[in-house]
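Single-letter residue listing:
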Amino acid sequence: MKGLLEYTEGNTFIHRMNPLVKLLLALCVCAAAFASDSLAFLAALLAIDLALGAAGGVFGKALRLLAGLLKAGLLLFVLQLLFFREGRPLFLFVTDEGALTAAKLALRFIAACMPLALMLGLTRTGDLTNALVKTAHVPYKYAFTLSAAIRFIPLFMSEMEGVMEAQASRGVDFDGGPLKKIRLALPLCVPLLMISVRKIDGSAVAAEARGFNLRGRASGYKDYPLGTADLPAAALCAALVALGIIT
Amino acid sequence: MIRLERVCYRYEGSGAAVEDLSFEINRGEFAALLGENGAGKSTVAKLIDGLVKPASGTVTVAGLDTRKTKTSELAKRVGFLFQNPDRQICKNTVREELAFGLELRGLDRAAIDERVERTLRDFGFDGERGPFTLSRGERQRLALASIIAAEPEIMILDEPTTGLDYRECMRVMEAVKGLNENGATVLMICHDMEVVLDFARRALVLSKGRLIADGAARRIFRSACAMEKASLSPPQITQLSLRLGAGFEEADTVGELAEAIVKRRRAV
Ligand SMILES: Nc1ncnc2c1ncn2[C@@H]1O[C@H](COP(=O)(O)OP(=O)(O)OP(=O)(O)O)[C@@H](O)[C@H]1O
Ligand SMILES: [Mg+2]
């Protein structure tokens, strides 16, 4: 999963699109996934996700993302199978309706996560914040909170990796099944939390010292006009949501 | 004790961190690993500890090939002090923290208690303190103490003195020196040349992932070329003795230099 949420440099039309439209598109795909009840449409959404990834020049990354999400989706699928009791039994504890619902649930989950992650990979967090403040009139504090949260994800990941390395070097044996891994990783939340709180506290003080409170809507120098790709994208948004509700 | 043979390693998505690196460190040596920021020192340390495995070449530690040995197995022989001590500390009291590494080694309760008490005494810690209320220097010393308590055969230190004041720095280094005198092999990454000159007998200089110099620390400091390449500046006393020229070049400590000057004055 490492580095999948980080921004990938590029100059495709997706990179140049208005950040707000990209956010809207991602949210719409997400909404469509939740609204739809058709397996075919959900699969189509996945295909659109991959196509958008390819258009943004990050097809490989999109595939790795998909592979990662598939693992989580599989877990959802199995859990759903275990607990869904309606319909005709197929074999053992599996029922036909159960299998269908589980497949939909897993696909929905993947189709809803993909666009958001891809959007983050193709938009600078700074641009997203600025556009939210300038165009969407979101107060800077809230926009900043969002971007700070996003920016901290890769940091947490590398910190967690560091903590695990440090513990492995002391003799904690991380090889083994997932249950053992979870049991071993739990105490590691202590150093991770301590490091993170210290870091966040530090960033907050640093931001304050550089005049965080003085920042207003006019502080950003960049404007975010709508480009040629933005109107069709907005139309795609509407179409997707509509289709999602119908199917 | 530690042997690297033609080792290469690169991180995903960046250039080579370590390239064609070979060296050997014998039992009981105290060696320093020097080099500019990003030279690959921490990577070498992780290679030796088995946290990363070489892409090609072999790393042998205490006779074990790191690629064929589990990290937890190596951890029984190698102690590793990280650049950031907070990554190591994970218990609620100093006492538990010290005991944790020993429990992982599978020592019995009595032996653990005995060693923990001894370490608390040696380092002057209060066993009931919460580790995260300690100062930066104290946390560094705690991380070091919990490694020393396990009595490793090999000790790797990644910048043990960075950010410490002179007194804390000396306390940390005295502890390491004590371990070395008891027979442990020490490899220390350090940016403080005075500390290197005072404690390490051998120095290896790394630049851009390659070994550019290896030998007695005091010799290396006199090689302007290697020092320049690795963005290092020799200790002031070495600079001074080099400037003074003939008759003084051999002096590496304040004492030696003073002696040489006194001798010269008598001669005049
Ligand atoms: N996790 C990582 N992923 C990608 N590249 C890395 C990673 N860790 C280190 N590098 C790169 O590998 C090279 C060597 O890094 P290393 O940490 O070994 O340097 P160093 O000599 O310890 O530097 P410093 O003195 O700053 O601690 C650097 O160019 C660094 O950017
Ligand atoms: Mg380093």
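Being a predicted model, the structure only gives us computed values, none of them experimental. For every chain, the first residue of the written sequence is number 1, and numbering continues from 1 along that sequence. The order in which chains are written sets their letters, starting at A; the order in which ligands are written sets their numbers, starting at 1. The predicted origin of the model limits local features to residues at a pLDDT of at least 70 and limits the giving and counting of side-chain atom pairs to 80 or more, whereas totals for whole chains, interfaces and linings rest on all residues. Remark: hydrogens and water are excluded; side-chain values derive from all non-hydrogen atoms of the structure.

Novice: Where do I start with the overall build of chain B in this structure?
Specialist: A run of DSSP states H or I qualifies as a helix once it reaches four residues; a run of E qualifies as a strand once it reaches two. Both are numbered from the N-terminal end. In terms of regular secondary structure, chain B is built from 11 helices and 10 strands. Every radius of gyration here is taken over C-alpha atoms, with the globule rule written as 2.2 Å times N^0.38, N being the number of residues. Rg of the C-alpha trace for chain B: 20 Å, near the compact-globule value of 18 Å for 268 residues, within the 12% margin. Across its three principal directions, the C-alpha atoms of chain B cover 65 × 45 × 30 Å. Relative to its full complement of 268 residues, chain B shows a buried share of 54%. Whether two residues touch is decided by their heavy atoms; if any such pair falls within 4.5 Å, the residues are in contact. Once local pairs closer than 6 in sequence are excluded, the contacts in chain B between residues at least 24 apart make up 61%. Averaged over its 40 positive side-chain charges, chain B has a centre that lies 3 Å from the centre of its 40 negative ones. Three exposure classes are used, based on accessible area relative to the maximum for each residue type with a 1.4 Å probe and protein chains only: buried under 20%, partly exposed in between, and exposed over 50%. The sign given to each residue is positive for Lys and Arg and negative for Asp and Glu; His and the chain ends receive no count. All charge positions are set by atom: Lys at NZ, Arg at CZ, Asp at CG, Glu at CD.

Novice: Honestly, the side chain of Glu165(A) in this entry has me stumped. Any pointers?
Specialist: Secondary-structure assignment places Glu165(A) in helix α7 (residues 140-170). With relative accessibility at 15%, the residue Glu165(A) sits in the buried group. For Glu165(A), the residues in contact, after removing those within four places along its chain, are Lys46(B), Leu51(B) and Phe82(B).

Novice: Would you take a moment to explain unusual backbone geometry for this structure?
Specialist: A negative phi holds for most residues other than glycine; trans holds for most peptide bonds. All names here are of chain B. One non-glycine residue, Ala62, adopts positive backbone phi at about 50°. Tracing the backbone shows Ala62 in the loop between β4 (56-61) and β5 (64-65). One non-glycine residue, Glu151, lies in positive phi territory at about 45°. Relative to the helices and strands, Glu151 is located in the loop between α5 (136-148) and β7 (154-158). The exposure class assigned to Glu151 is partly exposed, which follows from its relative accessible area of 44%.

Novice: So what exactly am I meant to see when it comes to the pairing of strand β2 (residues 16-25) of chain B here?
Specialist: It is a general feature of regular strands that their side chains alternate between the two faces of the sheet. All names here are of chain B. For two strands to count as paired, DSSP must find a minimum of two bridges between them. As defined by bridge partners, strand β1 (residues 2-10) adjoins β2 across 6 bridges and the pair is classed as antiparallel. Each bridged residue has a counterpart across the sheet, and for Arg3 the counterpart in β2 is Glu24. Turn length for the β1-β2 hairpin, with the two strands adjacent in sequence and antiparallel, is 5 residues, and the turn residue Gly13 shows positive phi of about 75°.

Novice: When you look at the domain arrangement of chain A in this model, what are you seeing that I'm missing?
Specialist: Often, the extent of an interface is quoted as the loss of accessible area upon association of its parts. Domain boundaries in chain A define domain 1 (13-124 + 224-246) and domain 2 (136-219). Throughout the structure description, domain borders are defined by an automatic or database domain assignment. In this structure, domain 1 of chain A and domain 2 of chain A have C-alpha centres spaced 27 Å apart.

Novice: It is not clear to me how the side chain of Ser146(B) should be interpreted in this structure. Could you clarify?
Specialist: Take Ser146(B): it is sitting in helix α5. For Ser146(B), a relative accessible area of 5% corresponds to the buried category. The contacts of Ser146(B), once residues within four sequence positions are left out, are Arg170(A), Glu97(B) and Leu98(B).

Novice: Looking at this structure, I do not really get the state of the cysteines. What am I missing?
Specialist: Each disulfide is one covalent bond, formed between the sulfur atoms of two cysteines. Criterion for a disulfide: a pair of cysteine sulfur atoms within 2.5 Å. Following the criterion strictly, the structure yields 0 disulfides over all chains and no others. Among the cysteines around Cys189(A), which has no disulfide bond, Cys90(B) carries the closest sulfur, lying 11 Å off. In this structure Cys90(B) comes out as buried when scored by relative accessible area, which is 4%.

Novice: When you look at a nonpolar patch on the surface in this model, what are you seeing that I'm missing?
Specialist: All names here are of chain A. A surface patch of nonpolar side chains, about 1100 Å² in accessible area, is lined by Leu74, Leu75, Val78, Leu79, Leu82, Phe83, Leu90, Phe91, Leu92 and Phe93. For the nonpolar patch, the secondary-structure elements that each account for two or more residues are α4 (59-83) and β1 (89-91). It is α4 that contributes the most residues to the nonpolar patch, 6 residues altogether. Note on placement: Leu92 falls in the loop between β1 and β2 (94-95). In this analysis, a patch consists of residues with relative accessible area above 30% that form no salt bridge, clustered at 9 Å for like charges and at 5 Å for the nonpolar side chains Val, Leu, Ile, Met, Phe, Trp and Tyr. Areas reported here follow the Shrake-Rupley algorithm with a probe of radius 1.4 Å; residue values treat only the protein chains shown as occluding. Salt bridge, as applied in this entry: a Lys or Arg side-chain nitrogen positioned within 4 Å of an Asp or Glu carboxyl oxygen.

Novice: Sorry if this is basic, but what is going on with the interface of chain A and chain B here?
Specialist: Chain A puts 20 residues into the contact, and the matching count from chain B is 23 residues. Of all residues in chain A, Glu165(A), Ser169(A) and Arg170(A) bury the most surface against chain B, accounting for 36% of the area lost on that side. Linking chain A with chain B are 5 salt bridges. A salt bridge links Glu97(B) to Arg170(A), with the nearest nitrogen and oxygen atoms 2.8 Å apart. Buried area: the sum, over both parts, of the accessible surface (1.4 Å probe) that disappears when the two are put together.

Novice: Looking at this structure, I do not really get the packing of helix α6 (residues 125-134) of chain A against α7(A). What am I missing?
Specialist: Helix packing geometry: the angle between the two helix axes and the distance between the axes. Residues and elements named next belong to chain A. Only the stretch in contact is used when a helix axis is fitted, and all axes are lines through C-alpha atoms; the angle between N-to-C directions ranges over 0 to 180 degrees. Look at α6 against α7: their axes get within 9 Å of each other, and the N-to-C directions meet at 165°. Judged by the inter-axis angle, α6 sits roughly antiparallel to α7. Viewed along their axes, α6 and α7 form a crossing whose handedness is right-handed. Residues Thr125, Gly126, Thr129, Leu132 and Val133 of α6 lie in contact with α7, whose contacting residues are Tyr140, Ala143, Phe144, Leu146, Ser147, Ile150 and Arg151. Gly falls in the polar group here, along with every residue not listed as nonpolar (Ala, Val, Leu, Ile, Met, Phe, Trp, Tyr, Cys, Pro) or charged (Asp, Glu, Lys, Arg). Grouping the amino acids of the contact of α6 with α7 by side-chain chemistry returns 7 nonpolar, 4 polar and 1 charged. Our angle categories are set so that under 35 degrees counts as roughly parallel, over 145 as roughly antiparallel, 65 to 115 as roughly perpendicular, and the remainder as oblique. By definition, turning the near helix anticlockwise from the far helix through less than a right angle yields a left-handed crossing, and turning it clockwise yields a right-handed one.

Novice: Please explain empty space enclosed by the protein as it appears in this structure.
Specialist: Empty space left among the atoms is revealed by rolling a probe the size of a water molecule over them. Using protein atoms alone on a 1 Å grid, points that fit a 1.4 Å probe yet trap it form a cavity, whereas open point sets bounded by protein on both sides within 12 Å along at least five of seven lines form a pocket; residues with an atom within 4 Å of a point count as lining. Grid points are joined across faces, edges and corners, and a volume is the space filled by probe spheres set on the points. Enumeration according to the criterion identifies 4 cavities of 30 Å³ or more in this entry. Around the largest cavity, the lining is made up of 13 residues, and of these Lys22(A), Leu25(A), Leu52(A), Pro115(A) and Met119(A) lie nearest the centre. Every element with two or more residues in the lining of the largest cavity is listed here: α2 (19-35), α3 (39-55) and α5 (96-122) of chain A. Residues of the lining of the largest cavity, tallied by class, amount to 10 nonpolar, 1 polar and 2 charged. Approximately 80 Å³ is the volume found for the second largest cavity. If you trace the second largest cavity, you find it lined by Ser169(A), Arg170(A), Val78(B), Gly79(B), Phe80(B), Gly101(B), Arg105(B), Ser146(B), Ile147(B) and Ala150(B). Of all the secondary-structure elements, those providing two or more residues to the lining of the second largest cavity are α7 of chain A together with β6 (78-81) and α5 of chain B. With 3 residues, the top contributor of residues to the lining of the second largest cavity is β6(B). Of the residues assigned to the lining of the second largest cavity, the class counts are 4 nonpolar, 4 polar and 2 charged.

Novice: Would you take a moment to explain the environment of Asn180(B) for this structure?
Specialist: Residues and elements named next belong to chain B. The residue Asn180 is located in helix α6 (residues 166-181) in this model. Counting along the chain gives 152 residues from Asn180 to Gly28, while the straight-line C-alpha distance between them is 6.5 Å. With near-sequence residues (within four places) excluded, Asn180 lies in contact with Gly28, Glu29, Phe30, Val186 and Arg201. A polar contact of 3.4 Å, which involves the side chain of Asn180, links it to the backbone oxygen of Glu29. For this analysis, a polar contact is any N or O atom pair within 3.5 Å, provided that within protein one partner can donate a hydrogen and the other can accept it, and provided that sequence-adjacent residues contribute only side-chain to side-chain pairs.

Novice: Hey, could you run me through the site of ligand 1 in this one?
Specialist: All names here are of chain B. The cutoff for a nearby residue is simple: one of its non-hydrogen atoms must lie within 4 Å of the molecule or strand. Neighbouring ligand 1 are 14 residues; Gly38, Gly40, Lys41, Ser42 and Thr43 lie closest to it. Residue Ser42 places a side-chain N or O atom 2.6 Å away from an oxygen atom belonging to ligand 1. At 3.2 Å from an oxygen atom of ligand 1 is found a side-chain nitrogen or oxygen belonging to His191. Burial of ligand 1 by the surrounding chains reaches 64%, relative to a free accessible area of 640 Å². With 3 residues, helix α1 (residues 41-49) is the single largest residue contributor to the shell around ligand 1. Looking at side-chain class alone, the shell around ligand 1 contains 3 nonpolar, 8 polar and 3 charged residues.

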